[in-house]
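Understanding the architecture of this molecule
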Amino acid sequence: MARWCYRHRLVVLLLWVGALFGVGFSASQAGTDYANVFSLPDTDSKSAYDLMQKAFPNTSGDTDTVVWKVTDGSVKDPAVQSRIQPALDTIAKTTGVGAVTSPYDGAQGAAQISKDGKIAYAQVTFVQRANEIPKDVVQKVVDTAQDAERGGLQVELGGQAIQRVQEPPQGLSEMVGIVAAAVVLFLAFGSFFAMTLPIAIAVFGVGMGLFSTQLLSHTTNIPDIAPLLASLIGLGVGIDYALFIVTRHRRGILRGMDPEESAVTALNTSGRAVLFAGGTVCIALAGMLVTRLRFLDGVVIGTSLTVVLSVLAAITLLPALLGFLGPRVLSRRQRRRLAAEGPEPESTSGLAARWSVNVQKRPRRIAVLAVVVMAVLAIPVLSLRLGATDQGNDDASTTTRKAYDLLAEGFGPGFNGPLQVVSAGGDTAKLVQGIETTPGVARAAALPPAQGVTVIQVIPTTSPQSKETDDLIDTLRDQVIPKAGAEAHVGGVTAVSKDFASVTGDRLPLFIATIIGLGFLLLLVAFRSLVVPLTAAVMNLIAAAASFGVLVAVFQWGWGLDLLGLGKEGPINAFLPVIMLSLLFGLSMDYQVFLVSRMHEEWVHTRDNARAVRVGLAETSRVINSAALIMVCVFLAFVLSGDSGAAMAGVGLAAAVALDAFILRTALVPAAMHLFGNSNWWLPDWLEKRLPHLAVEPAEEAAPEPAEPTGPATAIHGFVRTADGDPVEDASVTLMSKGGRQLDRVTSLADGSYIVSVPAPGSYLLAVTSSAYGSRARHVVVTEGALVYDVELTGDEVDAVN
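Rules of the game
Residues numbered from 1 in each chain as written. Predicted model: local features only at pLDDT ≥ 70, side-chain atom pairs only at ≥ 80, totals over all residues. Heavy atoms only, no water. Helix = DSSP H or I, 4+ residues; strand = E, 2+ residues; numbered from the N terminus. Contact = heavy atoms within 4.5 Å. Areas by Shrake-Rupley, 256 points an atom, 1.4 Å probe, with all protein chains shown as cover. Lys, Arg positive; Asp, Glu negative; His and termini not counted. Charge placed at Lys NZ, Arg CZ, Asp CG, Glu CD. Core = buried A, V, L, I, M, F, W, Y, C linked by side-chain atoms within 4.5 Å. Buried < 20%, exposed > 50% of the residue type's maximum accessible area, 1.4 Å probe, protein only. Pairing = 2+ DSSP bridges. Axes fitted to C-alpha atoms, helices over the stretch in contact; angles between N-to-C directions. Left-handed = near helix turned anticlockwise from the far one by under 90°. Phe/Tyr/Trp six-rings, centres within 6.5 Å; stacked < 30°, edge-to-face > 60°. Disulfide = S-S within 2.5 Å. Patch = residues over 30% accessible without salt bridge, like charges linked within 9 Å, V, L, I, M, F, W, Y side chains within 5 Å. Salt bridge = Lys/Arg side-chain N within 4 Å of Asp/Glu carboxyl O. Parallel < 35°, antiparallel > 145°, perpendicular 65-115°, else oblique. Nonpolar A, V, L, I, M, F, W, Y, C, P; charged D, E, K, R; others polar. Arc of directions from axis to C-beta. pLDDT = per-residue confidence, 0-100.

When its secondary structure is counted, the chain shows 24 helices and 20 strands. Counted over contacts in the chain with a minimum sequence separation of 6, partners at least 24 positions apart contribute 77%. Of the roughly 32,900 Å² of accessible surface on the chain, a fraction of 59% belongs to carbon and sulfur atoms. Charge separation in the chain, taken as the distance between the mean sites of 60 positive and 71 negative side-chain charges, equals 2 Å.

With that out of the way, let us pick up the nonpolar core. By size, the foremost hydrophobic cluster in this structure holds 157 residues, and its most contacted members are Tyr241, Met288, Phe555, Tyr591 and Phe635. Examining the composition of this core, we find that 18 residues originate from one element, helix α23 (residues 644-676), more than from any other. Setting aside residues no more than four positions away along its own chain, Met288 makes contact with Leu296, Val299, Val300, Phe511, Val578, Ile579 and Ser582. Counting 30 residues, the second-largest nonpolar core is a separate cluster that includes Trp68, Val75, Ile133 and Val165.

Ordered in space as β14-β13-β16-β17, the four strands form an open sheet in which the pairing is antiparallel. Of all the strands in the sheet, just β14 (742-747) and β17 (774-782) have a single pairing partner and so form its edges. Pairwise comparison of adjacent strand axes, ignoring direction, gives a mean angle of 20° for this sheet. Pairing geometry for strand β13 (residues 732-736) and strand β16 (residues 762-770), over five bridges, is antiparallel. Within β16, the residue paired with Thr734 across the bridge is Ala767.

To describe two helices that pack against each other, one gives the angle between their axes and the distance between the axes. Viewed as axis vectors pointing N to C, helix α18 (residues 493-527) and helix α19 (residues 531-556) meet at an angle of 150°, and their least axial separation amounts to 8 Å. As for the relative orientation of α18 and α19, their crossing is right-handed in sense. Contacts between α18 and α19 involve Ile512, Ile516, Phe520, Leu523, Leu524 and Phe527 from the former and Val532, Pro533, Leu534, Ala536, Ala537 and Leu541 from the latter.

One pass over the structure, following the stated rule, counts nine aromatic pairs. For the ring pair Phe244 and Phe594, a centre distance of 3.6 Å and an interplane angle of 25° mean the geometry is stacked. With Phe244 in helix α9 (residues 226-254) and Phe594 in helix α21 (residues 576-606), this residue pair connects regions lying 350 residues apart in the sequence. Its relative accessible area of 5% is what places Phe244 among the buried residues. Residue classification places Phe594 among the buried residues on the basis of a relative accessible area of 6%. An aromatic cluster of at least three residues, connected via ring pairs, comprises Tyr121, Phe411 and Phe415.

Under the criterion given, the structure shown has zero disulfides. Here Cys282 is not cross-linked by a disulfide; its sulfur's nearest cysteine counterpart is in Cys5, at 20 Å. Take Cys282: its relative accessible area is 16%, and that puts it in the buried class.

With that settled, consider a nonpolar patch on the surface. Together, Met175, Val179, Val183, Phe186, Leu187, Phe192 and Phe193 make up an exposed nonpolar region whose accessible area comes to about 720 Å². Mapped by element, the contributors of at least two residues to the nonpolar patch are α7 (172-189) and α8 (192-216). Sort the elements by how many residues they give to the nonpolar patch and α7 lands first, with five residues. Looking at the secondary structure, you find Val179 in helix α7.

Here we come to the packing of helix α2 (residues 9-30) against helix α11 (residues 294-325). Following both chains from N to C, one finds α2 and α11 inclined at 140°, their axes separated by 8 Å at the closest point. In terms of their interaxial angle, α2 and α11 are classed as oblique. The element α2 and its partner α11 pack so that their crossing is left-handed. On α11, the residues that touch Arg9, Leu10, Val12, Leu13 and Trp16 of α2 are Leu309, Leu312, Ala313, Thr316, Leu317, Ala320, Leu321, Gly323 and Phe324. Considering only residue class, the contact of α2 with α11 consists of 11 nonpolar, two polar and one charged.

Its identity as a non-glycine residue notwithstanding, Arg528 has a phi of 50°, on the positive side. Structurally, Arg528 can be placed in the loop between α18 and α19. A positive phi is found at Asp730, a non-glycine position, where the angle reads about 60°. Inspection of the secondary structure puts Asp730 in the loop between β12 (714-722) and β13.

Mapped onto the elements of the fold, Gly207 is located in helix α8. By relative accessible area, Gly207 is classed as buried at 15%. Sequence-wise, Gly207 and Ser310 are 103 residues apart; in three dimensions their C-alpha atoms are separated by 9.4 Å. Leave out the neighbours within four places in its chain, and Gly207 touches Leu20 and Ala202.

Let us look at the sheet that holds strand β9 (residues 454-460). With antiparallel pairing, four strands are arranged side by side in an open sheet as β8-β9-β7-β10. Looking at strand neighbours, the two that pair on one side only are β8 (441-446) and β10 (488-491), the edges of this open sheet. Sheet twist, expressed as the average angle between the axes of neighbouring strands with direction ignored, equals 20°. Sheet analysis places β8 next to β9, joined by five bridges and oriented antiparallel.

Here Gly323 is to be found in helix α11. Residue class for Gly323 comes out buried when judged on its relative accessible area of 10%. Taking the C-alpha atoms as reference, Gly323 lies 43 Å from Ile366; in sequence the two are 43 residues apart. Leave out the neighbours within four places in its chain, and Gly323 touches Tyr6 and Arg9.

Attention shifts here to the pattern of salt bridges. Scanning the entire structure with this criterion turns up 16 salt bridges. Residue Glu261 pairs with Arg3 through a salt bridge whose shortest N-O separation is 2.8 Å. Taken together, the residues Glu261 in helix α10 (residues 259-286) and Arg3 in helix α1 (residues 2-7) connect sequence positions 258 residues apart. Taking relative accessible area as the criterion, Arg3 reaches 28% and is therefore assigned partly exposed.

Looking at the secondary structure, you find Asn609 in helix α22 (residues 609-637). Excluding anything up to four places from it in sequence, Asn609 contacts Trp603, Met673, His674, Gly677, Asn678, Asn680 and Trp681.

Turning next to helix α16 (residues 428-436). Here α16 has its buried residues at Leu431, Val432 and Ile435. Projected down its long axis, α16 shows its buried positions confined to an angular sector of 100°, all on one face. Along α16, the residues that are exposed and aim more than 90 degrees away from the buried face are Ala429 and Gln433. The inward-facing, buried residues of α16 abut β7 (419-423), β8, β9, α17 (467-484) and β10.

Tracing the backbone through its elements, the reader meets Gly505 in helix α18. C-alpha separation for the pair Gly505 and Leu386, spaced 119 residues apart in sequence, amounts to 8.1 Å.

Let's shift gears to the confidence of the model for the chain. The predicted model of the chain averages 84 in pLDDT, with 92% of residues at 70 or higher. Taken element by element, the chain is modelled with least confidence in strand β20 (residues 798-799), mean pLDDT 48, and with most confidence in helix α14 (residues 363-378), mean pLDDT 95. Taken together, the stretch residues 700-710 has pLDDT below 50 and engages in 20 contacts with residues farther than four places along the chain or on a different chain. Across residues 797-802, confidence stays below pLDDT 50; counting only partners more than four residues off in sequence or on other chains, it has 47 contacts.

What follows is the structure, given as structure tokens:
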């Protein structure tokens with residue numbers, strides 16, 4: 001498939017461009033129909049909501065608030081009324097506004113003025129839900145209200161519709177993430193053309209995913225946060241997957257391969273790993289379905305679809321683009337050096353190689369240090385409290401936060417999160433009396449009954465996010481309502497948030513067990529090992545605990561919130577653990593697959609665990625760290641989205657990816673694999689026979705290698721020496737085909753001499769490994785007769801055999 005896409009590159013490019021524009025045009029014509037179906041079956045708040053819908057079916061429009069405060073005098077003063085009332089009248093006449101409830105409407109409005117007369121509010125009810133109201137209508141309401149301000153009179157607005165218009169422009173966070181990723185890619189590749197390839201793949205994958213999700217919103221319930229999360233994960237995996245393939249392709253060209261063969265080889269090796277990694281991400285995302293929270297179904301659809309399209313772009317569009325570029329995927333300096341000096345030797349030196357050797361020499365010390373760091377970062381997770389963010393968590397400079405604070409100041413902290421006790425039978429008067437005398441209740445008032453249903457508005461004395469308010473809800477449900485003998489349920493936004501957090505917490509263990517179990521099975525089948533998937537599962541749990549520790553420290557304890565401009569501390573969004581763990585487990589599995597697949601490839605060829613781990617880490621650590629740095633940039637850019645949930649997910653995932661790549665995959669995993677030794681690759685025979693075969697690496701035996709030599713047998717012989725000329729005894733000398741299949745293996749003698757048999761003249765790989773002096777691998781070309789080839793081991797290089 002890669003070869004076909006490479007040779008028919010124009011057709012492939014036109015198909016992708018046509019599909020992107022076609023789906024984009026259809027989506028723009030159809031518009032959006034996102035729906036936040038926040039249903040929690042078998043919960044008390046859901047029962048309260050159902051009764052409310054029965055009694056008050058026409059309360060679907062969004063209700064926002066205009067709040068004003070005077071420095072001197074009272075809000076009832078004629079000078080204040082003469083500025084505020086005309087503004088409210090203008091707002092009431094605005095298209096899209098259904099009604100305005102003013103505090104100046106006689107005795108009924110008196111409750112909307114604080115006891116000290118300094119603060120008052122008006123309620124603006126729109127005819128549509130917040131996400132359906134045109135932004136220009138909301139902006140007109142904001143401008144009209146704030147035009148009434150003067151010295152000594154402060155006017156602020158709060159509510160969901162108001163919050164939407166103060167968010168940054170859509171696409172800002174995505175653009176910042178792409179620019180940051182482009183900078184990292186340019187520094188990694190040194191080539192403008194190579195830099196654009198991962199960006200292009202991500203743009204096509206995310207663009208197709210978002211447009212398709214928008215179209216699907218007309219046929220199924222997809223929440224409005226789904227596109228944001230889909231673009232967040234799509235940009236990350238799209239750029240990363242292309243980065244892995246392009247890196248392998250560039251390495252092939254630098255080592256003398258034809259661009260087409262290099263692209264085909266890259267897709268047939270790294271491309272397979274991308275396909276496998278994308279599948280693990282989708283499986284991790286699908287794990288959200290076991291929670292049976294309908295709100296998350298649309299998130300699974302949007303994010304999984306975007307990941308699938310990003311993978312499809314990486315394995316079809318990318319080889320086509322590589323065909324257009326040819327050798328220009330290298331920088332000019334690399335092309336000049338390739339022309340002047342010929343192919344690069346197949347060795348990895350520098351920081352990655354030195355680190356890989358250090359891990360092999362000190363695995364126990366490095367493993368202990370990594371575990372200590374992750375354990376310290378995980379400590380805050382012990383105080384994790386799930387809940388819901390509201391406008392009290394907005395940045396202090398926003399009008400929604402100022403309105404929230406003014407209402408809390410004038411009417412008490414519980415005013416921003418009233419509870420609704422919905423009664424369908426029993427002694428309502430006794431229930432109201434019982435609620436009023438309950439500790440933690442500021443006031444309670446029953447609204448006129450409708451269709452046998454009475455709604456009692458309960459204002460707590462504490463804020464919606466405080467633990468005391470949660471305790472009050474439990475008290476009302478468990479003691480006050482049963483004592484009054486009423487048939488009633490506690491609802492409202494605060495009660496729904498509490499129930500959602502409880503349901504999520506109860507189902508979290510099943511969810512974690514599901515995605516860890518599925519990941520374990522996938523890695524078991526792919527790498528034919530019990531220890532590798534078990535190690536991956538433990539590492540995922542460590543990464544999750546440490547990343548949630550960072551999240552609690554930042555968003556719940558408030559460390560660094562002012563620096564990030566993220567408003568006020570509060571509980572962690574109840575839906576975030578499920579979404580974040582899905583993404584984290586999927587992305588962690590990506591890095592595990594790319595790291596271990598290279599180790600497994602080397603293990604299959606040499607059966608030397610120390611060499612396999614050392615070579616795998618040396619070859620993949622740099623690209624994994626570059627990929628992680630790109631993901632961190634993309635995720636942190638979502639702090640600019642203006643959505644507190646997306647900002648929380650961005651910071652949490654950025655921390656998770658950084659810890660996973662820079663500490664776990666670069667240090668703890670290889671250190672543990674060195675300590676486990678050959679048992680890393682152990683699998684009982686009875687299980688081996690029953691497992692299906694799913695190869696992450698290409699099966700060389702499936703077809704004959706075109707470059708495999710034919711002709712009379714010959715040999716390679718020579719000496720293995722150090723840089724000082726001393727002989728190296730007991731060095732392992734392995735002869736391999738160009739595809740990496742082992743042909744012969746011997747051990748050097750006391751004088752350093754060796755001889756390996758060669759089946760026929762041709763091109764081979766000769767790998768020499770010594771525990772004392774490191775290893776080296778080279779391409780050798782054997783013609784008629786034996787080849788004399790001496791090998792020098794320097795101790796500071798790690799071979800990089802494809």
